[in-house]
Amino acid sequence: MPLQETIDTYQYFISQADNLDLGYICLVRYVPAFDPIIDGEHRATKHDVLKSYRPCIKNSAFLLNGGLTPEEANELIAAKEIDAAVFGTLWIGHPDLAKRIGHDLPLDAKLDFTTFYGPGPEAPYEQQKKGYTDYPAARL
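Residues numbered from 1 in each chain as written. Predicted model: local features only at pLDDT ≥ 70, side-chain atom pairs only at ≥ 80, totals over all residues. Heavy atoms only, no water.

K.L.:
What's the story with the side chain of T6 in this structure? I'm lost.
P.N.:
With respect to the element layout, T6 can be found in helix 1 (residues 3–18). A residue is classified by how much of its surface remains accessible, and T6, at 7% relative accessible area, is buried. With residues up to four places along the chain from it excluded, the contact list for T6 reads M1, T45 and Y53. (Helix = DSSP H or I, 4+ residues; strand = E, 2+ residues; numbered from the N terminus. Buried < 20%, exposed > 50% of the residue type's maximum accessible area, 1.4 Å probe, protein only. Contact = heavy atoms within 4.5 Å.)

Next up, the structure:
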């Protein structure tokens, strides 16, 4: 689908969803690491979701996800461009993320993407924990 057609379609969808008395609408920015290659080509439609869709959200809280840093999230919230930030991979690598942000501690985890979302319930318990409980906690 051409980019403008994609934007038009989602602007309509999001503006209609915004009229449904939803608690929030969460959009995800383009993240290269999560752009699958299918038949030799990247699959995502790259564009600025904040600029393209924020004007469509007037009633619901607007949450943004996708590669945000705590500093950028604070700036966007202060500028009232978003209502809240969502951290996915930062949280996976830093289960103590709130403490780290609150105490200005480094976000230094080396993420192991092979462990994201686990190997499934059939795997041994020790293997299921890898990637969720073995990232080191920050020291105050």
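From this point, the narrative continues.
K.L.:
What should I look at first to understand the side chain of D35 in this one?
P.N.:
Mapped onto the elements of the fold, D35 is located in the loop between strand 1 (24–28) and strand 2 (37–38). No salt bridge is formed by the buried D35, whose closest oppositely charged neighbour, K46, lies at an N-O distance of 5.0 Å. At a separation of 3.4 Å, a polar atom in the side chain of D35 contacts the side chain of H42. Within polar-contact distance, the side chain of D35 engages the backbone nitrogen of A44 at 2.9 Å. (Lys, Arg positive; Asp, Glu negative; His and termini not counted. Salt bridge = Lys/Arg side-chain N within 4 Å of Asp/Glu carboxyl O. Polar contact = N/O pair within 3.5 Å; in protein donor to acceptor, adjacent residues only side chain to side chain.)

K.L.:
How should I be thinking about helix 1 in this particular structure?
P.N.:
With 16 residues, helix 1 should reach 22 Å at 1.5 Å per residue; the first-to-last C-alpha distance of 22 Å fits that figure. Along helix 1, the residues that are buried comprise T6, I7, I14, A17 and D18. Around the axis of helix 1, the buried residues are gathered within 100° of arc, so they sit on the same side. Looking at the buried residues of helix 1, the elements they touch are strand 1 and helix 2 (49–53). (Expected span 1.5 Å × (residues − 1). Arc of directions from axis to C-beta.)

K.L.:
What exactly am I supposed to notice about the packing of aromatic side chains here?
P.N.:
Here a ring pair, both rings aromatic, is described through the centre-centre distance and the interplanar angle of the planes. Within this structure, the stated rule accounts for two aromatic pairs. Note on Y10 and Y53: the rings are 6.5 Å apart at their centroids and 65° apart in plane angle, and the pair reads as edge-to-face. Of this pair, Y10 sits in helix 1 while Y53 sits in helix 2, and the two are 43 residues apart along the sequence. Given a relative accessible area of 4%, Y53 falls into the buried group. Their ring planes at 65° and their centres at 6.3 Å tell us that F34 and F113 sit as a pair that is edge-to-face. Here F34, found in the loop between strand 1 and strand 2, pairs with F113, found in the loop between helix 5 (97–102) and helix 6 (125–129); they are 79 residues apart in sequence, far enough to count as distant. Judged by relative accessible area, which is 46%, F113 ranks as partly exposed. (Phe/Tyr/Trp six-rings, centres within 6.5 Å; stacked < 30°, edge-to-face > 60°.)

K.L.:
Would you mind showing me how to read unusual backbone geometry here?
P.N.:
Leaving glycine aside, a negative phi is the common case for residues, and trans is the common case for peptide bonds. The backbone of D21 shows a phi angle near 60°, a positive value even though the residue is not glycine. Tracing the backbone shows D21 in the loop between helix 1 and strand 1. Judged by its relative accessible area of 74%, D21 falls in the exposed class. With a phi close to 55°, D104 is a non-glycine residue in the positive phi region. Structurally, the position occupied by D104 is in the loop between helix 5 and helix 6.

K.L.:
Looking at this model, I keep getting lost on helix 3 (residues 70–78). Mind explaining?
P.N.:
Among the residues of helix 3, those classed as buried are P70, A73 and L76. Buried residues of helix 3, seen end-on, are gathered within an arc of 125° and therefore sit on one face of the element. Every exposed residue of helix 3 that faces more than 90 degrees away from the buried side is listed here: N74, E75 and A78. Those residues of helix 3 that are buried are in contact with helix 2, strand 4 (61–65), strand 5 (84–86), helix 4 (89–93) and helix 5. Within two residues after helix 3, K80 carries a phi angle of roughly 60°, on the positive side.

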